[in-house]
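Structural features, examined
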Amino acid sequence: MLKELRSSYTVTNISGVEYSIGPNSDYTNADLRGLDLSQTDLHGSIFAGADLSFADLSGSDLSLSLFTNEEFGPAVMEYATMIETVFEFADMAGVSMLEANLTRANFFYAHLDGA
(Lines give C-alpha, C1' and ligand atoms only; values in the text may rest on other atoms or scores of the structure.)
Protein backbone atom coordinates (compact mmCIF):
# COMPACT_ATOMS: atom_id res chain seq x y z
CA MET A 1 0.00 0.00 0.00
CA LEU A 2 1.43 3.36 -1.05
CA LYS A 3 1.50 6.18 1.43
CA GLU A 4 -0.13 9.41 0.25
CA LEU A 5 2.32 12.29 -0.09
CA ARG A 6 1.96 15.43 2.01
CA SER A 7 1.30 18.70 0.21
CA SER A 8 0.23 22.28 0.86
CA TYR A 9 1.52 22.81 4.38
CA THR A 10 3.72 25.39 6.10
CA VAL A 11 7.04 24.90 7.90
CA THR A 12 9.21 27.32 9.87
CA ASN A 13 13.00 27.16 9.53
CA ILE A 14 15.57 27.67 12.30
CA SER A 15 15.59 31.44 11.61
CA GLY A 16 11.82 31.76 12.02
CA VAL A 17 11.06 32.14 8.30
CA GLU A 18 7.90 30.36 7.13
CA TYR A 19 7.76 28.44 3.86
CA SER A 20 4.68 27.12 2.08
CA ILE A 21 5.52 23.56 1.04
CA GLY A 22 4.04 21.92 -2.07
CA PRO A 23 4.55 21.12 -5.74
CA ASN A 24 5.69 23.63 -8.37
CA SER A 25 7.09 25.99 -5.74
CA ASP A 26 10.09 28.32 -5.89
CA TYR A 27 12.59 27.82 -3.05
CA THR A 28 15.39 29.86 -4.64
CA ASN A 29 18.02 30.66 -1.96
CA ALA A 30 15.70 29.24 0.74
CA ASP A 31 17.15 28.13 4.07
CA LEU A 32 15.61 24.67 4.46
CA ARG A 33 18.32 23.27 6.75
CA GLY A 34 17.21 20.42 8.97
CA LEU A 35 13.54 20.50 7.91
CA ASP A 36 11.45 17.34 7.70
CA LEU A 37 10.15 17.37 4.13
CA SER A 38 9.76 13.59 3.96
CA GLN A 39 6.85 12.02 2.08
CA THR A 40 6.10 15.39 0.42
CA ASP A 41 4.97 16.22 -3.12
CA LEU A 42 7.57 18.73 -4.33
CA HIS A 43 7.59 17.84 -8.03
CA GLY A 44 8.40 20.66 -10.43
CA SER A 45 9.89 22.87 -7.71
CA ILE A 46 12.96 25.12 -8.00
CA PHE A 47 15.69 24.84 -5.34
CA ALA A 48 18.34 27.08 -6.96
CA GLY A 49 20.85 28.06 -4.28
CA ALA A 50 18.74 26.54 -1.49
CA ASP A 51 20.43 25.14 1.62
CA LEU A 52 19.09 21.64 2.27
CA SER A 53 21.79 20.56 4.73
CA PHE A 54 20.47 17.90 7.13
CA ALA A 55 16.99 18.02 5.52
CA ASP A 56 14.92 14.84 5.30
CA LEU A 57 13.46 14.41 1.80
CA SER A 58 13.02 10.65 2.04
CA GLY A 59 10.07 9.26 0.11
CA SER A 60 9.31 12.63 -1.48
CA ASP A 61 8.46 13.26 -5.14
CA LEU A 62 11.07 15.65 -6.54
CA SER A 63 10.51 14.76 -10.20
CA LEU A 64 11.12 17.53 -12.74
CA SER A 65 12.63 19.73 -10.01
CA LEU A 66 15.69 21.94 -10.42
CA PHE A 67 18.58 21.88 -7.93
CA THR A 68 21.51 24.13 -8.89
CA ASN A 69 24.31 25.31 -6.64
CA GLU A 70 22.66 23.85 -3.54
CA GLU A 71 24.28 22.67 -0.37
CA PHE A 72 22.77 19.39 0.71
CA GLY A 73 25.31 18.52 3.37
CA PRO A 74 24.40 15.16 4.78
CA ALA A 75 20.73 15.10 3.72
CA VAL A 76 18.43 12.09 3.36
CA MET A 77 16.81 11.44 -0.03
CA GLU A 78 16.21 7.71 0.38
CA TYR A 79 13.31 6.20 -1.59
CA ALA A 80 12.66 9.61 -3.20
CA THR A 81 11.37 9.87 -6.76
CA MET A 82 13.60 12.17 -8.80
CA ILE A 83 12.68 11.42 -12.42
CA GLU A 84 14.22 13.94 -14.83
CA THR A 85 15.41 16.07 -11.91
CA VAL A 86 18.34 18.44 -12.54
CA PHE A 87 21.20 18.57 -10.00
CA GLU A 88 23.64 20.76 -11.97
CA PHE A 89 26.58 22.00 -9.86
CA ALA A 90 24.85 20.75 -6.67
CA ASP A 91 27.04 19.81 -3.71
CA MET A 92 25.62 16.41 -2.75
CA ALA A 93 28.57 15.10 -0.78
CA GLY A 94 27.32 12.69 1.87
CA VAL A 95 23.70 12.63 0.64
CA SER A 96 21.96 9.28 1.17
CA MET A 97 19.99 8.25 -1.95
CA LEU A 98 19.34 4.58 -1.13
CA GLU A 99 16.69 3.10 -3.46
CA ALA A 100 15.92 6.53 -4.97
CA ASN A 101 14.45 6.59 -8.48
CA LEU A 102 16.92 8.71 -10.48
CA THR A 103 15.64 7.89 -13.97
CA ARG A 104 17.04 10.42 -16.47
CA ALA A 105 18.32 12.68 -13.63
CA ASN A 106 21.02 15.17 -14.64
CA PHE A 107 24.09 15.37 -12.37
CA PHE A 108 26.17 17.67 -14.62
CA TYR A 109 29.14 18.88 -12.54
CA ALA A 110 27.47 17.76 -9.31
CA HIS A 111 29.73 16.94 -6.37
CA LEU A 112 28.83 13.38 -5.33
CA ASP A 113 31.66 12.31 -2.99
CA GLY A 114 30.25 9.96 -0.38
CA ALA A 115 26.74 10.03 -1.86
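Residues numbered from 1 in each chain as written. Predicted model: local features only at pLDDT ≥ 70, side-chain atom pairs only at ≥ 80, totals over all residues. Heavy atoms only, no water.

**Some details on the environment of Pro-74**
Going by this rule: Only runs of H or I of at least four residues qualify as helices and only runs of E of at least two qualify as strands under DSSP, and these elements are numbered from the N terminus. Burial classification: accessible surface area is computed with a 1.4 Å probe over protein chains only, and a residue below 20% of its type maximum counts as buried, one above 50% as exposed, and the rest as partly exposed. In this description, contact between two residues means that some pair of their heavy atoms is separated by no more than 4.5 Å.
Checked against the element boundaries, Pro-74 lands in the segment after β2 (18-21). Of the residues examined, Pro-74 reaches a relative accessible area of 42% and is grouped as partly exposed. Spatially, the C-alpha atoms of Pro-74 and Ala-100 are 16 Å apart, while their sequence positions differ by 26 residues. With residues up to four places along the chain from it excluded, the contact list for Pro-74 reads Phe-54, Ala-93 and Gly-94.

**Comments concerning the pairing of strand β1 (residues 9-12)**
Put simply, the rule reads: What makes two strands pair is DSSP finding at least two bridges between them.
Alternating positions in β1 separate cleanly, Tyr-9 and Val-11 being buried on one face and Thr-10 and Thr-12 remaining unburied on the opposite face. A loop of five residues connects β1 with β2, the two strands running antiparallel in sequence, and Gly-16 in this loop sits at a positive phi of about 90 degrees.

**Quick word on the nonpolar core**
Quick note on the threshold: In this description, a nonpolar core means a group of buried Ala, Val, Leu, Ile, Met, Phe, Trp, Tyr and Cys residues linked to one another through side-chain atoms lying within 4.5 Å.
Counting 28 residues, the largest nonpolar core has Phe-47, Leu-62, Phe-72 and Met-77 as the members making the most contacts within it. Put simply, the parts of the chain that give this core at least two residues each are β1 and β2. Once residues lying within four places of it in the same chain are set aside, the contact partners of Met-77 are Leu-57, Ser-58, Leu-62, Phe-72, Met-82, Phe-87, Met-92, Val-95, Ser-96, Met-97 and Ala-100.

**Points about the pattern of salt bridges**
So the rule is basically this: Here, a salt bridge means any Lys or Arg side-chain nitrogen found within 4 Å of an Asp or Glu carboxyl oxygen.
Applying the stated criterion across every chain, the model contains four salt bridges. A salt bridge links Asp-51 to Arg-33; the nearest nitrogen and oxygen atoms lie 3.8 Å apart. Separated by 18 residues along the polypeptide, Asp-51 in the segment after β2 and Arg-33 in the segment after β2 bring together distant segments of the chain. The salt bridge involving Glu-84 is made with Arg-104; its shortest N-O contact spans 2.9 Å. On the criterion of sequence distance, the pair formed by Glu-84 in the segment after β2 and Arg-104 in the segment after β2 is long-range, its members being 20 residues apart. On the basis of relative accessibility, which here comes to 58%, the residue Arg-104 falls in the exposed class.

**Overview of the pairing of β2**
Burial along β2 is one-sided: the face carrying Tyr-19 and Ile-21 is buried and the face carrying Glu-18 and Ser-20 is not. Here β1 runs beside β2; their pairing, made up of four bridges, is antiparallel. Opposite Thr-10, over in β2, you have Ser-20 as the bridge partner.

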